[in-house]
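Analysis of the macromolecular model
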Amino acid sequence: SQSRGLATRRRVVILGSGWAGNKLARGLNKEIYDVSVVSPVNHFLFTPFLPSTAVGTLEFRAIQEPTRTIRGLGAYYQAKARRLDPSAREVTCEDLFRGTTFRLEYDYLVCAMGCKTNTFGTPGVSEREGKEVFFLKNLSHARQIRQRTLGCFERASMPGISNAEREALLSFVVVGGGPTSCEFVSELHDFLRVDVARWYPDLAPHVRVTLVEAGPSILGSFDRALVEHYKKGLERKAIDVRTDTAVVGIKEGPHPKEDFDLTVAQLGDGTQLPFGMLVWSAGLAPVKFAESCGLEADRRTGRIQVDQYLRVEGQRGRIFAVGDCATDPSNPLPPLASVAEQQGQYLSDCFNQHYAPFTPSSSADLPPPGPVPAPVGMPFPRFLFRPSASFRHINVGGMVSMGFGGGVVDMTKADVAGAKGFKTMNGILAMLAWRGGYLSKQLSARNMIMIPLFWFKSLVFGRDISRF
C-alpha cells in the first residue's frame with residue numbers, strides 16, 4: 001500500500017535549502033507530494049544570526065536546521081544541479097563527494113538555488129578568497145572568518161614582529177554597506193572591545209576596522225534618520241565608515257621597507273588599506289546552474305524570469321523559481337530573506353490548495369491558482385491581509401542590530417496594520433525587538449533554547465577565543 005501511495009503522489013524536486021526552498025519543503029502536504037531536496041548544504045541557515053557566529057557570540061550549530069529533519073521528506077541529496085531537460089522533466093545533479101552525476105525525474109521542479117557573492121570582477125578578490133579575503137553567506141564562511149580573526153591576533157602577538165606588520169594584521173576591512181556588513185562590523189567591535197581588550201590588552205590599541213561602501217550611504221533602503229543614527233553609532237565605536245568609494249583591487253606582495261608580505265585593498269579614491277582580513281559582502285550574482293539551465297533570465301541580473309504565480313515562462317507550469325534566483329519583470333523585488341520566505345509559503349499554499357487535482361503528465365498548461373492567504377507568519381496574523389491568487393509580498397519592515405545594546409527598526413514602508421504608529425525605533429529597544437523577533441522565527445525548540453543561552457554565555461563569560 002505504501003508503494004501505491006508513493007506512485008500516486010506528485011514528484012516535487014526542490015533545488016536549494018535556503019529561505020524559499022526550506023519553507024516550501026516544510027509546507028508541502030506530503031500525503032499529496034513526494035518531495036525531494038537537492039542542495040550542496042544539508043541544512044537551512046538562519047542568516048540574520050550569521051554575523052554573530054563569525055565572532056563567537058553564537059555558535060554555528062544554534063543557527064541551522066538539518067534538512068533531513070523536515071517531516072515526511074521523501075529524499076535529500078547533497079549535490080548540485082548541473083543540467084536541465086524540461087522536455088524529459090529531468091534534472092541532472094552532481095554529488096559533492098565523488099563528483100558522479102545522477103538524474104532525477106520530476107512532475108514539478110522548483111528552482112530555489114539562491115545566489116552567490118558577486119565580486120564584480122574586482123582583481124585579486126577571487127584569487128585571495130579563503131586566504132585573507134572572505135565572503136559571508138554560509139556557515140563555512142563564518143567559520144573561516146572566525147579562524148582568521150583569531151589567527152591575526154595570535155600572529156600579531158608573536159615576539160619579534162614589527163609594528164608595521166602588527167598593524168597590518170590587525171586591520172580589518174569590510175566591503176559592503178548592507179545589513180549583513182553593518183551587523184558584522186558591530187559584532188566585530190563588541191568582540192574587540194570586550195574580549196580582545198581582556199585577552200590581548202597589548203594589541204587592542206593597534207586594531208583598526210574600516211567599512212567601505214561604494215554607494216552614497218550604508219543601509220540604502222532604510223529611513224534616512226535611522227541611517228544617520230546607525231552611521232554615527234559606528235563612528236562612536238571608532239569604525240572608519242567610507243562611502244562613495246569602492247574597492248577596485250586587492251594586491252599582495254612584499255612590504256617596501258620591511259621583510260614581510262603585505263595584502264592591500266586599493267580604493268577608488270586612490271587610498272591603499274593594508275589589512276589582515278577583508279570580508280566581502282557586496283552584491284549578488286547568479287549561480288552556474290541558473291546561467292546554464294536554459295531558462296529565460298533577466299539580462300541585467302541573471303535571475304530567472306517568472307510570472308505573478310512564480311511560474312517560469314514557457315514551461316507550462318511545470319517549473320517554478322523562487323527566492324534570490326528569481327524575478328518577476330513586472331514586479332521586481334529585492335533579494336531579501338523575507339521575500340524568499342514569503343514566496344516559499346505562497347507556493348506551498350498554491351500546491352496544497354489548488355494544484356493537487358491537476359495531472360502534470362498531461363499536455364495541458366497548469367491553470368492559475370485561486371486565492372491563497374497572505375504569505376506572512378507570526379507575529380503578523382495572516383487573517384489581517386487580503387487573500388490573493390498571485391504572489392503579493394507583504395513588507396513587514398526591516399531590522400538591523402548594532403551589537404549589544406543597539407540597533408534600528410524601520411517600519412516606515414511596512415504593510416503591517418498599526419506599523420505606521422511608531423514608524424522607527426533605535427537603541428536598546430530596537431535590539432530587543434531584533435532579538436525577540438528573530439528568536440520567535442526559529443524552527444525548533446532546541447534553537448529557541450540554545451540561542452538565549454549563548455547570548456547569556458557571551459555576555460557573562462565572554463566569547464570563545466580557541467582556534468581549532
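Conventions adopted
- Throughout this document, residue positions are counted from 1 along each chain, in the order its sequence is written.
- pLDDT decides what is reported in this predicted model: residues at 70 or higher carry local features, side-chain atom pairs at 80 or more are listed and counted, and totals for whole chains, interfaces and linings draw on all residues regardless.
- Excluding hydrogens and water, the side-chain values take into account all heavy atoms of the structure.
- Two rings from Phe, Tyr or Trp (for Trp, the six-membered ring) form a pair when their centres sit within 6.5 Å of each other. Planes less than 30 degrees apart are called stacked, planes more than 60 degrees apart edge-to-face, and all others tilted.
- Helix and strand assignments come from DSSP, with helices taken as H or I runs of at least 4 residues and strands as E runs of at least 2, each series counted from the N terminus.
- Burial status follows relative accessibility: with a 1.4 Å probe on protein chains alone, a residue under 20% of its type maximum counts as buried, one over 50% as exposed, and anything between as partly exposed.
- Each residue after the first adds 1.5 Å to the expected span of a helix.
- Axes are fitted to the seven residues ending at a residue and to the seven starting at it; the angle between these axes is taken as the bend at that residue.
- Each pair of strands is called paired provided DSSP finds at least two bridges between the two strands.
- Think of each axis as a best-fit line through the C-alpha atoms, taken over the contacting stretch in the case of a helix, with angles from 0 to 180 degrees between the N-to-C directions.
- Only protein atoms enter the calculation, which uses a 1 Å grid: trapped sets of points that fit a 1.4 Å probe without letting it out are cavities, open sets showing protein on both sides within 12 Å along at least five of seven lines are pockets, and any residue with an atom within 4 Å of a point is a lining residue.
- Grid points are joined across faces, edges and corners, and a volume is the space filled by probe spheres set on the points.
- Amino acids are sorted into nonpolar (Ala, Val, Leu, Ile, Met, Phe, Trp, Tyr, Cys and Pro), charged (Asp, Glu, Lys and Arg) and polar (every other residue, Gly among them).

Summed over the entire model, instances satisfying the criterion amount to 19 aromatic pairs. With a centroid separation of 5.0 Å and an interplanar angle of 90 degrees, the aromatic rings of Trp19 and Phe44 are classed as edge-to-face. In this pair, Trp19 sits in helix H2 (residues 19-27) while Phe44 sits in strand E3 (residues 43-45), placing the two residues 25 residues apart along the sequence. Phe44 gets classed as buried once you look at its relative accessible area, which sits at 5%. Each member of the aromatic cluster is reached from another via a ring pair, and the members are Trp19, Phe44, Phe46, Phe49, Trp434, Tyr438 and Trp455.

Further remarks concern helix H7 (residues 179-199). End to end, H7 covers 29 Å across 21 residues, agreeing with the expected 30 Å (1.5 Å per residue, within 8%). The sharpest bend along H7 reaches about 35 degrees and sits at Leu192.

This part is about the sheet that holds strand E15 (residues 261-267). The strand order across the open sheet built from three strands is E14-E15-E16, with neighbouring strands paired in antiparallel fashion. Whereas interior strands pair on both sides, the edge strands pair on one side only; in this sheet they are strand E14 (247-254) and strand E16 (272-274). For this sheet, the mean inter-axis angle between neighbouring strands, taken without regard to orientation, is 25 degrees. Inspection of the sheet shows E14 paired to E15 by seven bridges, in the antiparallel sense. Opposite Gly249, over in E15, you have Gln266 as the bridge partner.

Attention now moves to unusual backbone geometry. Leave glycine aside and you will find that most residues have negative phi; peptide bonds, for their part, are mostly trans. Its identity as a non-glycine residue notwithstanding, Leu219 has a phi of 45 degrees, on the positive side. Here Leu219 lies in the loop between strand E12 (208-212) and helix H8 (224-236). With phi around 65 degrees, Ala238 is a residue other than glycine that occupies positive phi space. Inspection of the secondary structure puts Ala238 in the loop between H8 and strand E13 (239-242).

One number sums up the size of the second largest pocket: a volume of about 230 Å³. Taken together, 17 residues line the second largest pocket, and the ones lying closest to its centre are Val194, Phe404, Ser458, Leu459 and Arg463. Here the residues of the lining of the second largest pocket sort into six nonpolar, four polar and seven charged.

Counted residue by residue, strand E6 (residues 90-95) has five buried out of six residues, so it is predominantly covered. Sheet analysis places strand E5 (residues 75-85) next to E6, joined by six bridges and oriented antiparallel. Within the sheet, the bridge partner assigned to Ala81 lies in E6 and is Cys93. Where E5 folds back on E6, the antiparallel hairpin that results is connected by four residues, among which Arg89 adopts a positive phi of roughly 50 degrees. In the sheet, E6 pairs with strand E7 (residues 101-105) via five bridges, with the strands oriented antiparallel. By the bridge assignment for E7, Glu90 is matched with Glu105.

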